[in-house]
Amino acid sequence: MNVNKGKVYLVGAGPGDPELLTVKALRLLRTADVVLHDDLVTPEILQLTSPTAEVQNVGKRCGRKAIRQEEINFLMVTHAASGRQVVRLKSGDPLIFGRAGEEIEALRQADIEYEIVPGITAALGAAAAAAIPLTHRRMSSTLVLTAGHRASDADDSDWSRFASAASTLVVYMPGSNYAEIAGRLKASGFAAETPCAIISQATTDRHQLHVSTVADLHLSPRLPSPTLLVVGEVAQFADRDLAKSLPALGRESETAFALRLAESLSPSAEPWA
Ligand SMILES: C[S@@+](CC[C@H](N)C(=O)[O-])C[C@H]1O[C@@H](n2cnc3c(N)ncnc32)[C@H](O)[C@@H]1O
């Protein structure tokens, strides 16, 4: 391996609350030369990057022109090849609906050293924010993470395999066409009375929760994105009051918290730097 090369860290930023970053993710954010981040990474987390780092939004919805995956791969490879430490920062966990597979392939082909730093995926963050047990001894022994948006027109994945009463379906990227999703759930065999929960901006102090059933899912309000849909008996446990009253960081604002945390982890204060 070329010793002059830098390294790329595929880092999970978690669902939004900076306190849910791993210690390793925080250390890397404080020391990276370059941070290439997705749209969903919250401003509070981006404030934790080093003031000297080059920070670029490579999110698919960044600006008007979508950044192609090949361009992101190119940026990671060229920065690392010039000896820089690169953090490729993704919301949640990098290995879940995060195109990490394509990026790993590009890094391997270019012989760039890389490491994956896991993060708390949205399903876990949202379930915690709404107090939904994703598995339950009497109600659900199977957890399915799936995507609402089909990858392509050829994607014929249906959810009938998961309609059994003993499973919990977590739908990432559900969009806001709840009538369509409800139709898909019914066609897959989900009972009309199956509880559903839509969780919006989970773990931030902007989060919201809407609880319904498959039968009245189509009447759900459009909550601000990102949103996640939980379908299954366990969704009946969603705690509306908790979701309303749980500022992610207590009384302190996220921004103030992020700055204080960054200060406490400045390179001189870091025992592990
Ligand atoms: C492209 S996927 C990325 C998932 C990410 N890698 C993860 O592990 O959470 C983006 C989707 O994740 C979900 N998501 C991410 N952050 C969320 C949050 N704070 N609250 C609710 N849903 C979230 C939404 O369904 C969003 O459309």
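Given the structure is predicted, the values throughout are model-derived calculations rather than measurements.

Trainee: Looking at this model, I keep getting lost on the overall build of the chain. Mind explaining?
Mentor: Across its full length, the chain carries eight helices and ten strands. Across the 273 residues that make up the chain, the buried fraction comes to 48%. Pairs at least 24 apart in sequence give 72% of the contacts found in the chain among residues at least 6 apart. Accessible surface, the chain: about 13,300 Å² in total, of which carbon and sulfur atoms supply 53%.

Trainee: I tried to follow the sheet that holds strand β4 (residues 85–90) on my own but got confused; where do I start?
Mentor: Strand pairing in a sheet is mediated by backbone hydrogen bonds. Such pairs are either parallel or antiparallel. The sheet built from five strands is open, its strands ordered β3-β2-β4-β1-β5 with parallel pairing. If you trace the sheet from one side to the other, it starts and ends with β3 (54–57) and β5 (113–117), each paired once. The average angle at which neighbouring strand axes cross in this sheet is 15°, direction not considered. Where strand β1 (residues 7–12) lies against β4, six bridges are found, and the strand directions are parallel. In the strand pairing of β4, Val8 is matched with Val86. Helix-sheet contacts for helix α3 (residues 69–81) involve β1, β2 (34–37), β3 and β4, and the interaxial angle to β4 is about 155°.

Trainee: It is not clear to me how a nonpolar patch on the surface should be interpreted in this structure. Could you clarify?
Mentor: Among the surface-exposed residues, Phe97, Leu143, Leu145 and Met173 lie close enough to one another that they form a single nonpolar patch of about 330 Å² accessible area. Along the chain, the position of Leu143 falls in strand β6 (residues 142–147). The exposure class assigned to Leu143 is partly exposed, which follows from its relative accessible area of 37%.

Trainee: It is not clear to me how the site of the ligand should be interpreted in this structure. Could you clarify?
Mentor: Lining the immediate surroundings of the ligand are 18 residues, of which Pro15, Ile96, Thr121, Met173 and Thr227 lie closest. Ser91 is positioned with one of its backbone polar atoms (N or O) 2.9 Å from a nitrogen atom of the ligand. When the ligand sits alone it has 570 Å² of accessible area, and the protein chains cover 89% of it. Tallied by class, the residues present in the shell around the ligand amount to twelve nonpolar, five polar and one charged. Each of two domains, domain 1 (7–121 + 250–263) and domain 2 (132–238), supplies a minimum of three residues to the shell around the ligand.

Trainee: Can you walk me through the confidence of the model for the chain in this structure?
Mentor: Regions with low pLDDT carry predicted coordinates that are not meant to be interpreted in detail. Averaged over every residue, the pLDDT of the chain is 88; residues scoring 70 or more account for 82%. In the model, residues 269–273 has pLDDT below 50 throughout and makes eight contacts with residues more than four positions away in sequence or in other chains.

Trainee: I tried to follow the packing of aromatic side chains on my own but got confused; where do I start?
Mentor: Applying the stated criterion across every chain, the model contains one aromatic pair. With a centroid separation of 5.0 Å and 55° between ring planes, the pair formed by Phe97 and Tyr172 is classed as tilted. Linking Phe97 in the loop between β4 and α4 (100–109) with Tyr172 in strand β7 (residues 167–172), this pair joins segments that are 75 residues apart in sequence. The partly exposed category is assigned to Phe97, whose relative accessible area is 43%. On the basis of relative accessible area, Tyr172 is assigned to the buried category, the value being 8%.

The rules behind the values
- Residues numbered from 1 in each chain as written.
- Predicted model: local features only at pLDDT ≥ 70, side-chain atom pairs only at ≥ 80, totals over all residues.
- Heavy atoms only, no water.
- Helix = DSSP H or I, 4+ residues; strand = E, 2+ residues; numbered from the N terminus.
- Buried < 20%, exposed > 50% of the residue type's maximum accessible area, 1.4 Å probe, protein only.
- Contact = heavy atoms within 4.5 Å.
- Areas by Shrake-Rupley, 256 points an atom, 1.4 Å probe, with all protein chains shown as cover.
- Pairing = 2+ DSSP bridges.
- Axes fitted to C-alpha atoms, helices over the stretch in contact; angles between N-to-C directions.
- Patch = residues over 30% accessible without salt bridge, like charges linked within 9 Å, V, L, I, M, F, W, Y side chains within 5 Å.
- Salt bridge = Lys/Arg side-chain N within 4 Å of Asp/Glu carboxyl O.
- Near = heavy atom within 4 Å.
- Polar contact = N/O pair within 3.5 Å; in protein donor to acceptor, adjacent residues only side chain to side chain.
- Nonpolar A, V, L, I, M, F, W, Y, C, P; charged D, E, K, R; others polar.
- Domains from an automatic or database assignment.
- pLDDT = per-residue confidence, 0-100.
- Phe/Tyr/Trp six-rings, centres within 6.5 Å; stacked < 30°, edge-to-face > 60°.

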